[in-house]
Every structure is written in structure tokens, then in C-alpha cells.
Amino acid sequence: MGKEYLSVREANNYSPLSLAFLGDSVYDTLVREYLLRKANMPVAKLHSAKIKLVCAEFQSAVYDVVADMLDEHELAVLKRGRNATGNTVPKHAEAAQYRRATAIESLFGYLFLTGKNERITQIFDVIISQETENDG
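Throughout what follows, the structure given in this document is the object of discussion. (Residues numbered from 1 in each chain as written. Predicted model: local features only at pLDDT ≥ 70, side-chain atom pairs only at ≥ 80, totals over all residues. Heavy atoms only, no water.)

1. A word on helix α2 (residues 16–38)
Look at α2: 31 Å from first C-alpha to last across 23 residues, which is about the 33 Å you get at 1.5 Å a residue. Its maximal kink placed at L22, α2 deviates by approximately 25°. When α2 is considered as a whole, its buried residues turn out to be P16, L19, A20, G23, V26, Y27, D28, L30, V31, Y34 and L35. (Helix = DSSP H or I, 4+ residues; strand = E, 2+ residues; numbered from the N terminus. Expected span 1.5 Å × (residues − 1). Bend = angle between axes of the 7 residues up to and from the residue. Buried < 20%, exposed > 50% of the residue type's maximum accessible area, 1.4 Å probe, protein only.)

Rendered as C-alpha cells:
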């Protein structure tokens, strides 16, 4: 079955939390691929490295960097995700961090549904560059 991408109008019909549901998986897969290609290491080490990049704290920290590179429409999607209600906040994250992380995931879900894979890669590359800056 071939994948049909949604139009902007169709994608806008999804709630930000639904977009984040998909975007979480898209982002998680990109992180896993990045880590695997970066170094061949035991699965336990890969998992530990992944957790640092998919946690609400890290995603929240890159929110402003991502927001600065978005066009008007992408920024609107990001803000819808940030302002979505109904989030349950994990014990290890603050509410504001979790909402900003949800915003990032909403954006990834939206871009994935609309077939903007090149844009996903551009944004992900900027996010990952923040990880390497924070490491060293």
C-alpha cells in the first residue's frame, strides 16, 4: 500500500496531541538511527543515549532553536502543540517542559503526515547539533 500524504488542510484537522502521538514515533526513530550510525555500541548504551535525546527536558531545551527556523505556518503548528490541553505530565518533567516537548513532537507528526521529509531532516539536524554542543 502506497503512502498518501495529507494536504495542509487535512493535517490541520488533527488535534495537536494526535500529531504529537505520531511525531513522538518519528522523532524517536530518527534519534535511534542517528545513534546507531554514530557508533556501534551495546544496546544498553544506545538506550541510555536515546533517553537523553527523547526526554521532555532535551526537547524543551531545543524548542527556541527550532522555533527560530520555522516559517509562519510551521510556527503555528508548533504553538498549537505547545498550547494543547490534556497533557499528563510525567513525574520527571515540569509542565512547561512537557508542553514544549509536545510541541516539537506535534511539528514532527505534522511534517510527516504532509510528506515534508526533507524539512524533517533539516529540523532534526539542527536539534542533533544542539546535542553535540551540549555534550562538549
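Having seen the structure, we can now continue with the description.
2. Some words on the environment of T29
Relative to the assigned elements, T29 resides in helix α2. Remark: the alpha-carbon pair of T29 and K50, spanning 21 residues in sequence, is separated by 9.9 Å.

3. Re the pattern of salt bridges
One pass over the full model with this rule turns up six salt bridges. Note that R32 is salt-bridged to D28, the shortest N-O span being 2.5 Å. Here R32 and its partner D28 are both found in helix α2, four residues apart, which amounts to about one turn of the helix. The exposure class of R32 is partly exposed, given its relative accessible area of 47%. (Salt bridge = Lys/Arg side-chain N within 4 Å of Asp/Glu carboxyl O.)

4. Things to note about the packing of aromatic side chains
A complete count under the given rule lists three aromatic pairs for this structure. Between Y27 and F108, the ring centres sit 5.5 Å apart and the planes meet at 65°, which makes this aromatic pair edge-to-face. Here F108 lies in helix α7 (residues 95–113) and Y27 lies in helix α2, a separation of 81 residues in the sequence. What makes F108 buried here is its relative accessible area of 1%. (Phe/Tyr/Trp six-rings, centres within 6.5 Å; stacked < 30°, edge-to-face > 60°.)

5. Remarks on the nonpolar core
With 31 residues, the main nonpolar core has Y27, F108 and I127 as its most contacted residues. Within the residue set of this core, elements represented by two or more residues are α2, α3 (43–54), α5 (63–68), α6 (72–83), α7 and α8 (117–135). (Core = buried A, V, L, I, M, F, W, Y, C linked by side-chain atoms within 4.5 Å.)

6. Looking at the environment of E10
Tracing the backbone shows E10 in helix α1 (residues 8–12). In the structure, E10 is positioned 29 residues away from A39 in sequence and 39 Å away in space, judged by C-alpha atoms. A polar atom in the side chain of E10 sits 2.8 Å from the backbone nitrogen of S7. (Polar contact = N/O pair within 3.5 Å; in protein donor to acceptor, adjacent residues only side chain to side chain.)

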